[in-house]
Amino acid sequence: MSATTVDDRARYRANPTVLQALKNPRMLTREVLAGLVVGLALIPEAIAFSVIAGVDPKVGLFWSFIMAVSIAFLGGRPAMVTAATGAVALVIAPVAPTYGLDYFIATVILAGVFQVLIGVLGVAKLMRFIPRSVMVGFVNALAIFAFSSQFPQLIDVPWLVYPLVALGIIVMIVMPKITKIVPAPLVSVVIVTGVVLAFAITVPTVGDQGELPRSLPSFFDPTPFSLRATT
C-alpha cells in the first residue's frame, strides 16, 4: 500500500467518530448542536432548491432527510454535501418541467451511479488538475446565487421582517465573540423565532413556501426504469 493511499485514508477518516463523541461530553454537545443547526437550516434550503428544480417541496424534504440520515450512519468526508444543493438543482432544473417527476428521479439516480463508478475507477483523482481559480469561481458563483435567491423573500413583506433580519445578522456576528460553545446560527434562529412568537408578529414562514409532508413517501419505480410493459 502506497504512502499516498495511507495519507488519503487518514485524511478522509471520520473525525470525530461516534465512539469518540460519546466518550467526550463537550464534543458530543458540539456535534448535537451542529446537527440541530443543520437540521433547522435544511428545511428552508430543501424547499427553496425544490422550487428551483421545479418539483414539489415535499420531494426535496424527503430526499434531504434520507441523505442526512444515511450519511449519519455511513460516515462522510470533508466538504461532502449530503443535502439539497444549488449546483444540482440548477443542472437538473429543466428535467422535471419537460419530462416529469419520473425522469427527474431517474436522472438523479443515474447521476449517483456515475459518481459511484467515478469513485471506484479512481477518476476523481483527476480533480486535482482542475485549476484552483475554477473551483473558487464555481463556489463563489454558488454563494452569489444563494445570496441573491434570498432577495425575493424580502419583497412585498411586512416591514417588521427587515428589523428581524437585521437582528438575526447581528446575533450571528456578535455571538461568536461572546462564546463559540453554541453555534451562532442556532442562537439567531431561536432568538428571532422567540421574538416573533412572543409579540405575535405576522411574518412569512417556511410553511408559506409549500405544504410540509404529513406522511412517509411510497415506493415506486420511475418510468425509465419501469419493468411494466408499455405500448
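Scroll up to find the structure this text is about.
Residues numbered from 1 in each chain as written. Predicted model: local features only at pLDDT ≥ 70, side-chain atom pairs only at ≥ 80, totals over all residues. Heavy atoms only, no water.

Concerning the overall build of the protein
- When helices and strands are tallied, the protein shows ten helices and zero strands.
- Start at the N end of the protein and walk to the C end: the helices and strands fall as α-α-α-α-α-α-α-α-α-α.
- Within the span of the protein, comprising 231 residues, buried residues form 19% of the whole.
- Taken as a whole, the protein presents about 16,900 Å² of accessible surface, with 70% of it coming from carbon and sulfur. (Helix = DSSP H or I, 4+ residues; strand = E, 2+ residues; numbered from the N terminus. Buried < 20%, exposed > 50% of the residue type's maximum accessible area, 1.4 Å probe, protein only. Areas by Shrake-Rupley, 256 points an atom, 1.4 Å probe, with all protein chains shown as cover.)

Topic: the nonpolar core
- Judged by nonpolar contacts, Phe 49, Ala 53, Val 55, Val 59, Ala 89, Ile 92, Val 95, Ala 96, Phe 104 and Ile 105 together constitute the single largest core of ten residues.
- Listed by contribution, the elements that provide at least two residues to this core are α3 (25–53), α5 (86–92), α6 (95–99) and α7 (101–121).
- For Ala 53, the contacting residues outside a window of four places in its chain are Ala 89, Ala 93, Ala 96, Pro 97 and Phe 104.
- Counting residues in each nonpolar core, the second largest holds seven residues, with Val 161, Leu 164, Ile 201 and Val 203 among its members. (Core = buried A, V, L, I, M, F, W, Y, C linked by side-chain atoms within 4.5 Å. Contact = heavy atoms within 4.5 Å.)

What to know about the packing of aromatic side chains
- Scanning all chains against the criterion turns up one aromatic pair.
- Where Tyr 99 meets Tyr 103, the ring centres are 6.0 Å apart and the plane angle is 45 degrees; that geometry is what we call tilted.
- With relative accessibility at 57%, the residue Tyr 99 sits in the exposed group.
- Among the residues examined, Tyr 103 registers a relative accessible area of 39% and is labelled partly exposed. (Phe/Tyr/Trp six-rings, centres within 6.5 Å; stacked < 30°, edge-to-face > 60°.)

Observations concerning the side chain of Ser 188
- By the secondary structure assignment, Ser 188 is in helix α10 (residues 184–198).
- Excluding residues that lie within four positions of it along the chain, Ser 188 makes contacts with Gly 168, Val 171 and Met 172.

Overview of a nonpolar patch on the surface
- A contiguous nonpolar surface patch, about 1,200 Å² in accessible area, is contributed by Ile 109, Leu 110, Val 113, Phe 114, Val 116, Leu 117, Ile 118, Val 120, Leu 121, Val 123, Leu 126 and Phe 129.
- One can find Ile 109 in helix α7. (Patch = residues over 30% accessible without salt bridge, like charges linked within 9 Å, V, L, I, M, F, W, Y side chains within 5 Å. Salt bridge = Lys/Arg side-chain N within 4 Å of Asp/Glu carboxyl O.)

Comments concerning the packing of α3 against α10
- In contact at an axis separation of 9 Å, α3 and α10 are set at 55 degrees when each is read in the N-to-C sense. Considering the angle they form, α3 stands oblique to α10. Of the two elements, α3 crosses α10, and the hand of that crossing is left-handed. Residues Leu 33, Leu 36, Val 37 and Leu 40 of α3 touch α10, and the partners they reach there are Pro 185, Leu 186 and Val 189.
- For the contact of α3 with α10, the class distribution of residues is seven nonpolar, no polar and no charged. (Axes fitted to C-alpha atoms, helices over the stretch in contact; angles between N-to-C directions. Parallel < 35°, antiparallel > 145°, perpendicular 65-115°, else oblique. Left-handed = near helix turned anticlockwise from the far one by under 90°. Nonpolar A, V, L, I, M, F, W, Y, C, P; charged D, E, K, R; others polar.)

What to know about unusual backbone geometry
- One non-glycine residue, Asp 156, lies in the positive phi region at around 55 degrees.
- The exposure class assigned to Asp 156 is exposed, which follows from its relative accessible area of 78%.
- One non-glycine residue, Ala 200, adopts positive backbone phi at about 50 degrees.
- Its place among the elements puts Ala 200 in the segment after α10.
- Classification of Ala 200 as exposed rests on a relative accessible area of 62%.

Describing α10
- Taking 1.5 Å of rise per residue, 15 residues should cover 21 Å, and α10 covers 21 Å from first to last C-alpha, within 8% of that figure.
- Taken together, the buried positions of α10 are occupied by Ala 184, Leu 186, Val 187, Ser 188, Val 192 and Val 196.
- Tucked inside the fold, the buried residues of α10 contact α3 and α9 (161–178).
- Ala 200, located one to two residues past α10, shows a positive phi value of around 50 degrees. (Expected span 1.5 Å × (residues − 1).)

Nothing here speaks to function; it is geometry throughout.
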